[in-house]
Amino acid sequence: MNGGGVAAFAAAGAALSAAVAISIVARNQVRRRRQNQAHARVRPILFGILDGGAIDRRTIDALDPFEQRALDAQAHSLLPKLRGQEKESLARLLDRRGAVQAAKLRTRSRRPSARAEATEFLGQSGSPSALNNLLGLLNDPKPEVRWAAARGLGEIGDPVAVSPLLGSLEGPRPIPVDVVADAVFKIRDCPISVLRQGLKSQSAPVRAVTVELLGRFQAVAVSAEIIERLEDDPSVEVRARAARALGRVGTPRAIDPLVSSFGDAPVALRAQIVWALKEIGVPEAVPSH
């Protein structure tokens, strides 16, 4: 091929590349425009569901594929931001759209990030049908999945999850104390009798979560048992959390045990005792040494 032929071939190649690039840009612009139009079309439908709680299946079935995907994407993004009836309405929509079932399947993925994302969604959905899936995921090999499962069980709020959550504190794949405590605290019908049993557990993490939660729930009826943990527990963490729990409960009967426990207590325990005495309303009882 002579020089002119080479130049012509190169020019033709450049022109073809430019044409392909222009075509790609044009297609992307059309796609973005359709996506924007779809999002604008479904937004009133979505907010109508949130305002009224009713889901018109015929209206949703009439949406084209772009609009259906836009509806699902907007519902997913809004779900973590909502509470109460609005969240229930949106979760019901996603459940009907098959999102909950799809998330259950994704929790079996080999990719930890996919399992964690699906687990997070199941909790946010609040779907009772996800309970058993989340209970099983408390033992997932990856910490981020186990923590998401614990948080999800708190969101669902079924008291049946209390014992498994406490059990997840121990074993080869433990979940941190505060993650479990936050999850159980969201279970408003949490049976205090079940928590009470944790005070006698051989496990320090279980005792720590138990006193933490009894304080958060302001369980005055078991204040004497919390005082026992403050005075006798071999774990400094449990004793510190017991002191904080007594401050939350606010019972005057805890004043003397708190003052007596100050003595040569570790710094972490002393700090909680000072905080508790102030919460009970007797800052003058705080030891000066």
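A brief report on the enclosed structure follows. All values reported here derive from a predicted model rather than from experimental measurement.

**Here we look at the overall build of the protein chain**
Then, in step 1: Counting secondary structure elements, the protein chain contains 16 helices and 0 strands.
Then, in step 2: Counting every position in the protein chain, which comprises 289 residues, the buried fraction comes to 42%.
Then, in step 3: For the protein chain, restricting intrachain contacts to residue pairs at least 6 apart in sequence, the fraction spanning at least 24 positions comes to 62%.

**Description of the side chain of Ser 235**
Then, in step 1: Turning to its location among the elements, Ser 235 is positioned in the loop between helix 13 (223-232) and helix 14 (236-249).
Then, in step 2: A polar side-chain atom of Ser 235 sits 3.2 Å from the main-chain amide nitrogen of Val 238.
Then, in step 3: When neighbours within four sequence positions are excluded, Ser 235 is seen to be in contact with Ala 204 and Arg 207.

**Notes on the packing of aromatic side chains**
Then, in step 1: Counted by the stated rule, this structure contains 1 aromatic pair.
Then, in step 2: When the ring of Phe 185 is compared with that of Phe 217, the centres are 5.2 Å apart and the planes differ by 50 degrees; the resulting orientation is tilted. Pair noted here: Phe 185 is in helix 10 (residues 177-185) and Phe 217 is in the loop between helix 12 (204-216) and helix 13, with a separation of 32 residues, a long-range link.
Then, in step 3: On the basis of relative accessibility, which here comes to 22%, the residue Phe 217 falls in the partly exposed class.
Then, in step 4: Between Arg 188 and the ring centre of Phe 185, over which it is positioned, the NZ or CZ distance is 4.6 Å.
Then, in step 5: A cation over a ring is seen here: Arg 244 above Trp 275, with NZ or CZ 4.0 Å from the ring centre.

**As for the layout of surface pockets**
Then, in step 1: In this model, the largest pocket occupies a volume close to 270 Å³.
Then, in step 2: Tallied by class, the residues present in the lining of the largest pocket amount to 2 nonpolar, 6 polar and 5 charged.

**Section: the pattern of salt bridges**
Then, in step 1: Applying the stated criterion across every chain, the model contains 15 salt bridges.
Then, in step 2: Among the salt bridges present, the one from Arg 115 reaches Asp 140, with a minimum N-O distance of 2.9 Å. Placement of Arg 115 in helix 6 (residues 112-125) and of Asp 140 in the loop between helix 7 (131-137) and helix 8 (143-156) is noted, with a sequence separation of 25 residues between them.

**Thoughts on the environment of Arg 41**
Then, in step 1: With respect to the secondary-structure elements, Arg 41 resides in helix 1 (residues 3-52).
Then, in step 2: Distance from Arg 41 to Ala 70, taken between C-alpha atoms, is 8.9 Å for residues 29 residues apart in sequence.
Then, in step 3: The contact partners of Arg 41, leaving out residues within four places of it in the chain, are Leu 63 and Glu 67.

**Points about the side chain of Ser 261**
Then, in step 1: With respect to the helices and strands, Ser 261 occurs in helix 15 (residues 255-262).
Then, in step 2: Apart from residues lying up to four places away in sequence, Ser 261 is in contact with Leu 230, Glu 231, Leu 269 and Ile 273.

**Notes on the environment of Leu 50**
Then, in step 1: With respect to the helices and strands, Leu 50 occurs in helix 1.
Then, in step 2: A C-alpha to C-alpha distance of 8.0 Å links Leu 50 and Lys 87, two positions 37 residues apart in sequence.
Then, in step 3: Look past the residues within four positions of Leu 50 in its chain and what remains in contact with it is Leu 78, Leu 82, Glu 86 and Leu 90.

**Structural notes on the packing of helix 10 against helix 12**
Then, in step 1: In contact at an axis separation of 10 Å, helix 10 and helix 12 are set at 40 degrees when each is read in the N-to-C sense. Of the possible angle classes, the one that applies to helix 10 and helix 12 is oblique. Helix 12 is crossed by helix 10, and the crossing has right-handed handedness. Two secondary-structure elements touch here, helix 10 through Val 177, Val 180, Ala 181, Asp 182, Val 184 and Phe 185 and helix 12 through Pro 205, Ala 208, Val 209, Glu 212, Leu 213 and Arg 216.
Then, in step 2: Classifying every residue of the contact of helix 10 with helix 12 by side-chain character gives 9 nonpolar, no polar and 3 charged.

**Description of the packing of helix 13 against helix 15**
Then, in step 1: The contact between helix 13 and helix 15 brings their axes to 10 Å, and the two run at 10 degrees. Relative to helix 15, the element helix 13 is oriented roughly parallel. Of the residues in helix 15, those touching helix 13 at Ile 227, Leu 230 and Glu 231 are Pro 257, Leu 258 and Ser 261.
Then, in step 2: Looking at the contact of helix 13 with helix 15 residue by residue, the classes come out as 4 nonpolar, 1 polar and 1 charged.

What counts as what
- Residues numbered from 1 in each chain as written.
- Predicted model: local features only at pLDDT ≥ 70, side-chain atom pairs only at ≥ 80, totals over all residues.
- Heavy atoms only, no water.
- Helix = DSSP H or I, 4+ residues; strand = E, 2+ residues; numbered from the N terminus.
- Buried < 20%, exposed > 50% of the residue type's maximum accessible area, 1.4 Å probe, protein only.
- Contact = heavy atoms within 4.5 Å.
- Polar contact = N/O pair within 3.5 Å; in protein donor to acceptor, adjacent residues only side chain to side chain.
- Phe/Tyr/Trp six-rings, centres within 6.5 Å; stacked < 30°, edge-to-face > 60°.
- Lys NZ or Arg CZ within 6 Å of the ring centre and 35° of its normal.
- 1 Å grid on protein atoms, 1.4 Å probe; cavity = no way out; pocket = protein on both sides within 12 Å on 5 of 7 lines; lining within 4 Å.
- Points joined across faces, edges and corners; volume = space filled by probe spheres on them.
- Nonpolar A, V, L, I, M, F, W, Y, C, P; charged D, E, K, R; others polar.
- Salt bridge = Lys/Arg side-chain N within 4 Å of Asp/Glu carboxyl O.
- Axes fitted to C-alpha atoms, helices over the stretch in contact; angles between N-to-C directions.
- Parallel < 35°, antiparallel > 145°, perpendicular 65-115°, else oblique.
- Left-handed = near helix turned anticlockwise from the far one by under 90°.

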